[in-house]
Amino acid sequence: MNMNIALVPGDGIGPEIVEQAVRVLDKVADQFGHKVTYTNLLAGGCAIDATGKPLPEETLEKAKAADSVLLGAVGGPKWEHLDGIRPEQALLGLRAGLGLYANLRPALLYQELKFACPLKPEIIGDHLDIMIVRELTGGIYFGDSGREGDSAYDTERYSKAEVERVLKVAVKIAQGRKKKLTIVDKANVLESSRLWREVAAEVLEGSGLDVNYMYVDNATMQLVRNPQQFDVIVTSNMFGDIISDEASMLTGSIGMLPSASLGDGKKGMYEPIHGSAPDIAGKGIANPLATILSVAMMLRHSFELEKEARAIETAVQKTLQDGFRTADLVENAEMKAVSTKEMGDAVLARL
Ligand code: NAD
């Protein structure tokens, strides 16, 4: 298979972690007989420096032309006080410009990193593997908002089509996992949530999934009380924003978690959930595993290369089993931390 990838390293640790992810993708492609070509693109603070804009037209055009996008992270203190321009506008511009409305955030706790989970071992159990599907381009973050006199308002608005398409993504994901789907909403209060339930009843008919509905306040509580009950969760933009951060904390390690943003076609944007970590940028100590795991998600969701995706995930697991830890993952003072590149080397050696 030929894969044409738009690479958007971004700012801070972005270029360092993307470099390791590219090495891993190149090796997997080589092993399985695929060809990868890369187009390097500017977005975020580095794009502001070079062009005055966080998302130059050329970046969006070339990202549209690519099969998929791999992004590092954008932003940093250098660009925090510019008038009306923020590096993060590049992310929203790419998501909207590429029509990516479903955000997938797995919360996967590796046994080797169990110490980092804030929950008691008996609550975590043997395994924690939850996939959150968040609607990404609708709802209250995009609805009408404003001020009137001394009040302010934001509007939660969803169309049937917006709900339907994200539910279809969640159904497909759930069918490929444990066939269990939880729809999180606030249907006891919100009309928009009642629309979600109506649409869900149609979309889920004949899906073969074990489906349950849960109010968001209960869901946030259940996530820390009994996270084992969840497999795939689907929810609106704002609820997903909150719940996916809560779930990611259960894994205890921000440097480990990948994400995917998907739309109607095969194209997606894949990135670690963490930011540009300006405090450690340039030191060569950032954890590249979230970005490497984002490549695995890309192979699975954009190219349907499940074996290749698993090869990367297994290599990452073995790397952790063999005791490799970047500074963010060290458990105690006796543990020696490896560098970003050494972590990349260790994954490559186990592929
Ligand atoms: P952050 O995720 O960049 O960093 C939070 C903490 O986690 C820091 O201590 C950092 O060193 C650490 N960390 C993050 N990733 C790590 C990694 N791979 N390895 C080791 N340690 C890691 O969040 P922040 O400090 O709130 O934000 C910094 C900048 O990133 C801001 O400009 C913010 O707007 C931007 N940001 C960008 C994205 C994105 O591009 N998707 C997401 C979040 C924040």
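The coordinates are above.
Going along each chain's sequence as written, the residues are numbered from 1 onward. Only residues with pLDDT of 70 or above have their local features reported here, since the model is predicted, and side-chain atom pairs are shown and tallied only from 80 upward, although totals for entire chains, interfaces and linings are computed over all residues. Working from all heavy atoms in the structure, the side-chain values ignore hydrogens and water.

Colleague: Hey, could you run me through the overall build of the chain in this one?
Modeller: Looking only at helices and strands, the chain features 12 helices and 12 strands. Taking 351 residues into account, the globule formula puts the C-alpha radius of gyration at 20 Å, and the chain, at 20 Å, falls close to it. Projected onto the principal axes, the alpha-carbon positions of the chain cover approximately 50 × 50 × 45 Å. Relative accessible area decides the class of each residue, using a 1.4 Å probe on protein chains only: under 20% of the type maximum gives buried, over 50% gives exposed, and in between gives partly exposed. Across the 351 residues of the chain, 51% fall into the buried class. In the chain, 76% of the contacts between residues at least 6 apart in sequence involve partners at least 24 apart. For every accessible area listed, the method is Shrake-Rupley and the probe measures 1.4 Å; residues are considered covered only by the protein chains on display. When the accessible surface of the chain is split by element, carbon and sulfur atoms take 52% of a total near 15,400 Å². In this tally Asp and Glu are treated as negative and Lys and Arg as positive; neither His nor the chain ends contributes. Where a charge lies is defined by one atom per residue type, namely NZ (Lys), CZ (Arg), CG (Asp) and CD (Glu). If the 38 positive side-chain charges of the chain are averaged to one point and the 49 negative ones to another, these points end up 4 Å apart. Helix numbering and strand numbering both begin at the N terminus, where a helix is a DSSP run of H or I of at least 4 residues and a strand a DSSP run of E of at least 2. In this description the radius of gyration comes from C-alpha coordinates, and the expected globular size is given by 2.2 Å times residues to the power 0.38. For this analysis, residues touch if any pair of their heavy atoms sits within 4.5 Å.

Colleague: Looking at this structure, I do not really get the pairing of strand E3 (residues 68–73). What am I missing?
Modeller: With six of its six residues buried, E3 lies for the most part within the structure. By the bridge criterion, five bridges tie strand E1 (residues 2–10) to E3 in an arrangement that is parallel. Counted as the bridge partner of Ala6 is Val69 from E3. Note on pairing: DSSP must find at least two bridges between two strands before they are called paired.

Colleague: Which parts of the structure should I look at to understand the sheet that holds E1?
Modeller: Across a sheet, strands are paired by hydrogen bonds formed along the backbone, either parallel or antiparallel in direction. A sheet is described by the order of its strands in space; here 10 strands give the open sequence E2-E1-E3-E12-E11-E4-E5-E10-E8-E9, paired in mixed fashion. At either margin of the open sheet sits one strand with a lone partner, and together these are strand E2 (35–40) and strand E9 (210–215). The average angle at which neighbouring strand axes cross in this sheet is 25 degrees, direction not considered. Summarising the sheet, E3 and strand E12 (residues 268–272) pair through two bridges and their orientation is parallel. Angles here are taken between N-to-C directions and fall from 0 to 180 degrees, while the axes themselves are lines fitted to C-alpha atoms, restricted in helices to the stretch in contact.

Colleague: Help me out: how do you make sense of helix H11 (residues 306–321) in this one?
Modeller: Note on helix geometry: an α-helix contains 3.6 residues per turn, so any two residues three or four positions apart are oriented the same way. Multiplying 1.5 Å by the helix residue count minus one yields the expected span of that helix. Counted at 1.5 Å a residue, the expected span for H11 with its 16 residues is 22 Å, and the 22 Å between its end C-alpha atoms agrees. Where H11 is concerned, the buried positions are Glu308, Ala309, Ile312, Ala315, Val316, Thr319 and Leu320. Along the long axis of H11, the arc covered by the buried residues comes to 140 degrees, so they all point the same way. When the buried face of H11 is taken as reference, the exposed residues oriented beyond 90 degrees from it are Lys307 and Arg310. Directions drawn from the helix axis to the C-beta atoms are what define this arc.

Colleague: It is not clear to me how the packing of aromatic side chains should be interpreted in this structure. Could you clarify?
Modeller: One pair of aromatic rings is described through two measures. These are the centre distance and the angle between the planes. Centres within 6.5 Å make a pair out of two Phe, Tyr or Trp rings, where for Trp the six-membered ring is used; the pair is then stacked when the planes are under 30 degrees apart, edge-to-face when over 60, and tilted otherwise. Overall, the coordinates contain one aromatic pair when judged by the stated rule. Pairing Tyr158 with Trp196 gives two aromatic rings, centres 5.4 Å apart and planes at 85 degrees, and the pair type is edge-to-face. Here Tyr158 is found in the loop between strand E7 (151–154) and helix H6 (160–175), whereas its partner Trp196 is found in helix H7 (residues 191–204), with 38 residues between them in sequence. Like Trp196, Tyr158 is buried. Note that Arg165 overlies the ring of Tyr101, its terminal NZ or CZ placed 4.1 Å from the centroid. Any Lys NZ or Arg CZ that is within 6 Å of a ring centre and within 35 degrees of that ring's normal is treated as a charge sitting over the ring.

Colleague: Looking at this structure, how should I read the site of the ligand?
Modeller: Working definition: residue near molecule or strand if any one of its non-hydrogen atoms lies within 4 Å of it. Of all residues adjacent to the ligand, which total 19 residues, the nearest are Val74, Glu88, Gly275, Ala277 and Asp279. In the analysis that follows, any N or O atom pair within 3.5 Å is treated as a polar contact, provided that within protein one partner can donate a hydrogen and the other can accept it, and provided that, for residues neighboring in sequence, both atoms belong to side chains. One of the backbone nitrogen or oxygen atoms of Val74 is found 2.9 Å away from an oxygen atom of the ligand. Within the backbone of Gly275, a nitrogen or oxygen atom sits 2.7 Å from an oxygen atom of the ligand. Surface burial for the ligand is 70%, taken as the share of its 800 Å² of free accessible area covered by protein chains. Residues are grouped as follows: Ala, Val, Leu, Ile, Met, Phe, Trp, Tyr, Cys and Pro are nonpolar; Asp, Glu, Lys and Arg are charged; every other residue, Gly included, is polar. In the shell around the ligand, the residues fall into nine nonpolar, six polar and four charged.

Colleague: What is the right way to look at the side chain of Glu162 in this model?
Modeller: On the secondary structure map, Glu162 appears in helix H6. The salt bridge definition used is simple: a Lys or Arg side-chain nitrogen within 4 Å of an Asp or Glu carboxyl oxygen. As a buried residue without a salt bridge, Glu162 has its nearest oppositely charged side chain in Arg165, at a separation of 4.7 Å. In this structure the side chain of Glu162 is engaged in a polar contact, spanning 2.9 Å, whose partner is the backbone nitrogen of Ser159. Beyond its immediate sequence surroundings of up to four residues, Glu162 is in contact with Thr137, Gly138 and Arg157.

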